[in-house]
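Breakdown of the fold
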Amino acid sequence: MKPIILQGHERSLTQIVFNAEGDLLFSASKDNVVNVWFTSNGERLGTFGDHKGSVWTVACDCEWGVSTGLICLARHDISRDMSKSGLLTLFFLLLTCHPSTLRSPCIIRSIRRPGSTLSPTAPSAQTKYLVTGAADNTMRLWDVRSGKCLYVWEFLTAVKRVAWSEDDEMLLSITEQRSGQPSVIRIFKINREDPTNQSSTPLREIILTGSKATVALWAPLSDHIITGHESGKIAKYDTKTGEEVMVVEESHRGEITDIQLSPDGTYFITSSKDKTARLFDSETLQEMKVYPTETPLNSACIAPLRPYVILGGGQDAMSVTTTSSRAGKFESRFWHKLFEEEVGRVRGHFGPINTLAVHPQGKAYASGAEDGFVRVHWFDDSYFRSRPYGDLEPEVEL
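Model, not experiment: these values are computed from the prediction. (Residues numbered from 1 in each chain as written. Predicted model: local features only at pLDDT ≥ 70, side-chain atom pairs only at ≥ 80, totals over all residues. Heavy atoms only, no water.)

**Regarding the overall build of the chain**
A tally of helices and strands in the chain yields three helices and 30 strands. The long-range fraction of contacts in the chain, counting pairs at least 24 apart against all pairs at least 6 apart in sequence, stands at 51%. Summing over all exposed atoms, the chain offers an accessible surface of approximately 18200 Å²; the carbon and sulfur share of this is 50%. (Helix = DSSP H or I, 4+ residues; strand = E, 2+ residues; numbered from the N terminus. Contact = heavy atoms within 4.5 Å. Areas by Shrake-Rupley, 256 points an atom, 1.4 Å probe, with all protein chains shown as cover.)

Quick look at the structure:
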């Protein structure tokens with residue numbers, strides 16, 4: 001598994017994300033720059049560079065075409081064909097879809113005639129807009145194709161996290177608690193038809209009391225926001241009322257550094273400075289699994305297709321100059337998701353891993369570190385054929 005090394009930043013990485021199709025990778029860093037790369041060969045496609053401070057967070061949208069990637073039931077009218085066989089066929093197609101496609105919008109064409117057939121179509125997605133948040137107290141909307149900055153939202157403190165809703169119609173931002181200003185979650189409605197004409201007034205403001213939020217994501221259906229906090233708390237907020245509807249005060253014993261959703265949206269993983277990563281149920285916030293390590297963790301992600309989670313971190317960056325890469329624990333760690341056992345490590349970075357991202361189809365993963373490098377690892381056949389727990393794991397068909 002030879003990595004593709006991406007060298008385009010002068011300072012440490014803060015966040016990396018794949019687009020929905022997996023052909024592009026966006027990387028943000030403390031050098032005020034966001035780069036976009038081709039994942040197949042590591043070529044840099046472009047740079048987004050109008051920020052005046054460290055870029056803390058980045059997120060890209062996913063504009064689905066007419067064929068959405070779920071199923072296109074050509075020549076099939078459910079209203080006219082409610083027979084047992086027709087319903088069973090529909091149920092089978094829904095059941096066999098990849099989990100990540102079940103979360104995309106569902107378009108069902110209805111033109112059923114006797115004797116016609118069902119024809120599934122391939123996903124069609126396009127990355128159109130990019131949003132970034134930075135230490136210059138701004139959140140910016142970008143056109144991915146041209147690299148042009150379309151709109152700028154200004155705040156009183158730094159923007160630490162941004163995320164698109166599931167339908168890409170809304171954005172959330174988290175601003176930092178500093179200089180007497182509270183940590184605030186803001187939800188904005190995005191004008192996709194005229195992207196340069198956005199509202200500076202959010203749909204909803206959620207002012208947080210107590211521990212500040214450090215990370216956040218949209219829950220499935222985008223009716224709730226799940227946040228991770230500096231104190232280790234995990235909370236769920238209603239997007240319509242802004243109320244805190246659920247909270248787990250001691251989910252971690254240290255700052256939560258990352259939060260990422262599973263492909264099907266039913267659970268999520270968090271990483272923390274308390275040297276653990278944990279799986280939680282998206283609906284109940286119930287803790288499901290714990291992955292303890294001997295080093296602080298900065299990021300964690302869930303691998304599709306295989307029963308693994310990937311963890312990254314390392315010794316505190318202030319002490320890196322006095323520590324070798326081996327002693328600093330600067331590896332990506334693969335843990336079995338169900339059995340909570342470490343199954344492998346990938347070395348290469350010369351500083352703590354700050355951010356991890358996994359390819360949407362599970363074909364690769366990328367890591368960004370304090371050393372300023374991004375490493376893209378494409379999994380070879382042995383990764384998919386490996387069966388570290390024998391017959392308990394089915395073979396993966398690619």
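**Description of the pairing of strand E22 (residues 276–281)**
Of all six residues in E22, five are buried, a share of seventy percent or more. Pairing of strand E21 (residues 267–272) with E22, which is carried by five bridges, proceeds in the antiparallel orientation. Residue pairing for E22: Ser-271 is matched across the bridge by Ala-277. Following E21, the chain reverses through three residues before pairing antiparallel with E22; Lys-275 in that reversal takes a positive phi of roughly 75°. Of the pairings in the sheet, the one linking E22 to strand E23 (residues 287–292) comprises five bridges and is antiparallel in character. From the neighbouring strand, Arg-278 faces E23, where its bridge partner is Val-290. (Buried < 20%, exposed > 50% of the residue type's maximum accessible area, 1.4 Å probe, protein only. Pairing = 2+ DSSP bridges.)

**Here we look at the packing of aromatic side chains**
Applying the stated criterion across every chain, the model contains 15 aromatic pairs. Ring plane angle 20° and centroid distance 5.6 Å describe the contact between Phe-268 and Phe-280, whose orientation is recorded as stacked. Here the residue Phe-268 occupies a position in strand E21, and Phe-280 occupies one in strand E22, the gap between them amounting to twelve residues. Ring geometry for Phe-334 versus Tyr-365: centroids 5.5 Å apart, planes at 85°, classification edge-to-face. One end of the pair, Phe-334, is in strand E26 (residues 332–336); the other, Tyr-365, is in strand E29 (residues 364–369), with 31 residues separating them in the sequence. Across the pair, Tyr-365 and Phe-334 agree in class, each one buried. Put simply, the rings of Tyr-308, Phe-334, Tyr-365, Phe-379, Tyr-383 and Phe-384 touch in pairs and so form one group of aromatic residues. (Phe/Tyr/Trp six-rings, centres within 6.5 Å; stacked < 30°, edge-to-face > 60°.)

**Regarding the environment of Asp-50**
Take Asp-50: it is sitting in the loop between strand E5 (44–48) and strand E6 (55–60). Not counting chain neighbours up to four residues away, the residues in contact with Asp-50 comprise Arg-140, Trp-142 and Cys-149.

**Quick word on the environment of Glu-21**
Along the chain, Glu-21 falls in the loop between strand E2 (13–18) and strand E3 (24–29). In the structure, Glu-21 is positioned 104 residues away from Ala-125 in sequence and 6.7 Å away in space, judged by C-alpha atoms.

**Quick notes on the pattern of salt bridges**
If you walk through the whole model with that rule in mind, you get 15 salt bridges. Linking Glu-331 and Arg-347 is a salt bridge whose minimum nitrogen-to-oxygen distance equals 3.4 Å. Note that Glu-331 is positioned in the loop between strand E25 (308–313) and E26 and Arg-347 in the loop between strand E27 (342–346) and strand E28 (353–358), a separation of 16 residues in sequence. Under the relative-accessibility criterion, Arg-347 is labelled partly exposed at 49%. Among the ionic contacts, a cluster of salt bridges with common partners joins Glu-294, Glu-331, Arg-333, Glu-342, Arg-345 and Arg-347. (Salt bridge = Lys/Arg side-chain N within 4 Å of Asp/Glu carboxyl O.)

**Quick notes on the sheet that holds E3**
Read from one edge to the other, the open sheet built from four strands follows the order E2-E3-E4-E5, with strand pairing classed as antiparallel. Strands at the two margins of the open sheet, each flanked by one partner only, are E2 and E5. Ignoring which end each strand starts from, the neighbouring axes of this sheet average 20° apart. In this sheet, E3 lies alongside E2 in antiparallel orientation, the contact comprising five bridges. Looking at E3, one finds that Phe-18 is bridged to Leu-25. (Axes fitted to C-alpha atoms, helices over the stretch in contact; angles between N-to-C directions.)

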